[in-house]
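Summary of the model geometry
One-letter residues, chain by chain:
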Amino acid sequence: MQYWLMKSEPDVYSIDDLRKDKTDHWEGIRNYQARNFIRDEMARGDLAFFYHSSCDEPGITGIMKIHKTAYPDFTAFDPEQKYYDPKSDPDNPRWFMVDVRYVRKLKRNISLKELKLHEPLNDMRLLQRGNRLSIMPVTETEWNYILELE
DNA sequence: GCCAACGTTGGC
DNA sequence: GCCAACGTTGGC
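To start, this report covers the structure provided alongside it.

About the cut-offs
Residue indices follow the written sequence of each chain, beginning from 1 at its first position. Both sets of labels track the order of writing: A upward for chains, 1 upward for ligands. pLDDT decides what is reported in this predicted model: residues at 70 or higher carry local features, side-chain atom pairs at 80 or more are listed and counted, and totals for whole chains, interfaces and linings draw on all residues regardless. As a rule here, side-chain values come from all non-hydrogen atoms in the structure, and water together with hydrogens is ignored. We call a residue near a molecule or strand when any one of its heavy atoms sits within 4 Å of it. Counted as a polar contact is a pair of N or O atoms within 3.5 Å, where, for protein atoms, one must be capable of donating a hydrogen and the other of accepting one, and residues adjacent in sequence contribute only when both atoms are in side chains. Residue polarity is assigned by list, with Asp, Glu, Lys and Arg as charged and Ala, Val, Leu, Ile, Met, Phe, Trp, Tyr, Cys and Pro as nonpolar; anything else, Gly included, falls into the polar class. For the exposure calls, accessible area comes from a 1.4 Å probe over protein chains only, and a residue counts as buried if that area is under 20% of its type's maximum, exposed if over 50%, partly exposed in between. Numbering of helices and strands starts at the N terminus; helices are DSSP runs of H or I of at least 4 residues and strands are runs of E of at least 2. Of all possible arcs, the one meant is that of the directions from the helix axis to the C-beta atoms. Contact definition: two residues touch when any of their heavy atoms are within 4.5 Å.

As for the protein's contact with DNA strand B
Around DNA strand B, the surrounding shell consists of Tyr32, Gln33, Lys87, Arg129, Gly130 and Arg132. Expressed as a percentage, the sugar and phosphate content of the atoms of DNA strand B within 4 Å of the protein is 67%. Within the side chain of arginine 129, one N or O atom sits 2.2 Å away from a phosphate oxygen of DNA strand B. Along the lines of polarity and charge, the residues of the surface near DNA strand B split into 1 nonpolar, 2 polar and 3 charged.

Considering helix H4 (residues 140-149)
Buried within H4 we find Glu142, Trp143, Ile146 and Leu149. Projected down its long axis, H4 carries its buried residues within an arc of 120 degrees, all on one side. Facing away from the buried side of H4, by more than 90 degrees, are the exposed residues Thr141 and Glu148. Buried residues belonging to H4 abut strand S1 (3-8), strand S3 (47-52), strand S4 (59-72), strand S5 (96-111), helix H3 (112-115) and strand S6 (135-138).

Right under this line is the structure:
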């Protein structure tokens, strides 16, 4: 069982959207490192933080569960879609996605600013300078520490 | 809206 | 295989 952090811009898709939908596919990953995590390492039942990025208060807002393991990201095949990628061939897909299931919102938003204040979290991938990965692993220690802040 | 940091592309 | 140019991410 592994832990993850997954970023989404709340204007595009927020924790409240997922709460409404209960389960949804996580589309649009177009970065190889993130894809490899999705395709090779995510297992059903893994837990993930839902992180809001590019917004007033970037931070962790909720928890979700990996509901279905990786399958081809079909939005890459459709020229009408924002995430269309002509280089992803249905017979040899380049991009993948998982289905996630809503678990719960945190009692409060734990902001990026706050996370930075905690020395035990200094090594978090999220906090490394220049980090742009939208999907990254979180250690069990970090996971539990963050939930203690709630 | 700015811009630093990073990933990707493509010419050579 | 190098690296400059370009596009994107995402905090501020």
